[in-house]
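For reference, the chains in residue letters:
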Amino acid sequence: MKISALDEAVSNGRPGPLAAAALSGGPILLAAMLGNAATIPNIAPWYDNLAKPPLTPPNWVFGPAWTVLFLLMGIAFYRVLRSDAAPTIRVRAIALFAVQLALNAGWSFAFFGAQSPLLGLAVILPFEALIFATIWAFWRIDRAAAYCLIPYAMWVAFATYLNAGVWALN
């Protein structure tokens, strides 16, 4: 008798490969789509007209950078979902990942949607801290998954610099 992916996840404490792919890709894709919905309509003219700090990359860099980062996040999350780690350790890591992912999308709404660099700072600071907490939680489960999140943490640290610079200059 064939069991569903949900039944498999409940019975052995982790989702099967297809379920894990959906569970890792779905929320990340949703966060990306929500972030884009808040960001894209506010690039021109609002963001384009702001004074920006040194080292601000051209707008076209952000799309490819985030595509790579979201892909790495998906790989990391998939590995954690499929790991044999104790369920309590995995649940904590999954919860941290979910909260930081919500803040990922939330930052776009704060900075771009509300057109508020100050509100963006209020979101990005705990967001960055949660990325580091997620890396630590993933490290305890799967070091490769943790390594996948390091470029993400670095990029968000750079985004924090850019956000703070925009706030200070405007």
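Everything below is about the structure shown above.
As the structure is a computational prediction, the values presented were derived from the model and not from experiment.

**Observations regarding the overall build of the chain**
- A count of helical and extended segments in the chain gives six helices and zero strands.
- Mapped from its N terminus to its C terminus, the chain presents α and β elements in the order α-α-α-α-α-α.
- Each principal axis of the C-alpha distribution contributes one length, and for the chain these read about 60 × 30 × 25 Å.
- Here the chain holds 170 residues, and 44% of them are scored as buried.
- Within the chain, contacts between residues at least 6 apart in sequence are counted, and of these 77% link residues at least 24 apart.
- Summed over all atoms, the accessible surface of the chain reaches about 9000 Å², with 74% contributed by carbon and sulfur.

**Some details on the nonpolar core**
- By size, the foremost hydrophobic cluster in this structure holds 46 residues, and its most contacted members are M73, F138 and Y152.
- Looking at this core, the elements that each hand over two or more residues are α2 (17-39), α3 (62-81), α4 (87-113), α5 (117-139) and α6 (143-169).
- Considering each element in turn, this core owes the most residues, ten residues, to α6.
- Setting aside its immediate chain neighbours within four residues, F138 contacts A76, F77, V80, A93, F97, R143, A145, A146 and L149.

**As for the packing of aromatic side chains**
- The tally for this structure, following the rule as stated, stands at 16 aromatic pairs.
- When the centroid spacing of 5.4 Å and the interplanar angle of 55° are considered together, the rings of Y47 and F112 count as tilted. Placement of the pair is Y47 in the loop between α2 and α3 and F112 in helix α4, with a sequence separation of 65 residues. Each member of the pair, Y47 together with F112, is buried.
- Taking 4.9 Å as the distance between ring centres and 15° as the angle between the ring planes, the aromatic pair formed by W107 and F111 counts as stacked. Of this pair, W107 and F111 both sit in helix α4, four residues apart, which is roughly one turn of the helix.
- Judged by relative accessible area, F111 falls into the buried class, the value being 3%.
- In this structure an aromatic cluster arises from ring pairing among W46, Y47, W107, F111 and F112.
- A cation over an aromatic ring shows up here: K52 above the ring of Y47, its NZ or CZ 4.5 Å from the ring centre.

What counts and how
Residues numbered from 1 in each chain as written. Predicted model: local features only at pLDDT ≥ 70, side-chain atom pairs only at ≥ 80, totals over all residues. Heavy atoms only, no water. Helix = DSSP H or I, 4+ residues; strand = E, 2+ residues; numbered from the N terminus. Buried < 20%, exposed > 50% of the residue type's maximum accessible area, 1.4 Å probe, protein only. Contact = heavy atoms within 4.5 Å. Areas by Shrake-Rupley, 256 points an atom, 1.4 Å probe, with all protein chains shown as cover. Core = buried A, V, L, I, M, F, W, Y, C linked by side-chain atoms within 4.5 Å. Phe/Tyr/Trp six-rings, centres within 6.5 Å; stacked < 30°, edge-to-face > 60°. Lys NZ or Arg CZ within 6 Å of the ring centre and 35° of its normal.

The quantities given are spatial measurements derived from coordinates; they are silent on function.
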